[in-house]
Amino acid sequence: MLSKKSKKIDIFGVITIIVVSITTFCIKENNIKNLPESIIYIGIVIFILGLIYTIMEKKMNLPYFYGKCQSGGSNANSFVVIGLGIGIMGQSIYMEIILLISLILVVLIVRNLIERKYLEKNKQE
């Protein structure tokens, strides 16, 4: 069973992903003209990086707001990185919405599996 704290973090995370993704998509669509279609690959790499960050955050049982610096001195949590990746991947508003829904589900499933794995591991110890 997922903890109440974990559910709260996931809710804040989903909201963060939606806001950052839509904002990134709108800025990209309205301000940057003639982007190559290959930009989607940059978005995929950023999304995968965010997924790795979310696994590390879950593994270390970090709260939504935490002060550990990632390499390069940044201090963004995984949800911001994931939102940026999704916002960059979207080629149209419809694609953006489909990506948002499907990739948020992927993130939540991964976070859920990681938490269950570590709960089981802690019970065995």
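Position numbers for residues start from 1 in each chain and track the written sequence from start to end. It should be noted that, the model being predicted, local features are given only for residues of pLDDT at least 70 and side-chain atom pairs only at 80 or more, the latter also being counted only at that level, while totals for whole chains, interfaces and linings use all residues. Computation of side-chain values covers all heavy atoms of the structure but excludes hydrogens and water.

Participant: So what exactly am I meant to see when it comes to the overall build of the protein chain here?
Facilitator: Helix and strand assignments follow DSSP, with helices taken as H or I runs no shorter than four residues and strands as E runs no shorter than two, numbered in order from the N terminus. Within the protein chain one finds four helices and zero strands. If you list the helices and strands of the protein chain from N to C, you get α-α-α-α. The buried label goes to any residue with under 20% of its type's maximum accessible area, the exposed label to any with over 50%, and the partly exposed label to all in between, with areas taken from a 1.4 Å probe on protein chains only. Looking at the 125 residues of the protein chain, the share that counts as buried comes to 39%. Whether two residues are in contact is decided by their heavy atoms, any of which lying within 4.5 Å being enough. Across the protein chain, the fraction of contacts at a sequence separation of at least 24, relative to all contacts at a separation of at least 6, is 79%. For the accessible areas, the method is Shrake-Rupley and the probe is 1.4 Å, while residue cover comes only from the protein chains on display. In the form shown here, the protein chain has an accessible surface area of approximately 7,900 Å², with 68% of it arising from carbon and sulfur atoms.

Participant: I'm lost on helix α2 (residues 39-59) in this one. Help?
Facilitator: Owing to its 3.6 residues per turn, the α-helix brings residues three or four apart onto one side. For a helix, the expected span equals 1.5 Å multiplied by the number of residues minus one. Here α2 spans 30 Å end to end across 21 residues, near enough to the 30 Å set by a 1.5 Å rise per residue. Taken together, the buried positions of α2 are occupied by I39, G43, F47, G50, L51, Y53, T54, E57 and K58. For α2, the angular spread of buried residues about the axis comes to 165°, placing them on one side. Facing away from the buried surface of α2 by more than 90 degrees, the exposed residues are Y41, V45 and K59. In the segment just after α2, N61 is the residue with positive phi, at about 55°. Directions drawn from the helix axis to the C-beta atoms are what define this arc.

Participant: I would appreciate a short explanation of the side chain of S21 in the present structure.
Facilitator: Here S21 lies in helix α1 (residues 4-31). Owing to a relative accessible area of 0%, S21 belongs among the buried residues under this scheme. Side-chain atoms alone can form a polar contact between residues adjacent in sequence; in general such a contact is a pair of N or O atoms within 3.5 Å, and within protein one must be able to donate a hydrogen while the other accepts it. A polar side-chain atom of S21 sits 3.5 Å from the main-chain amide nitrogen of G87. Look past the residues within four positions of S21 in its chain and what remains in contact with it is G83, I86, G87, E96 and L100.

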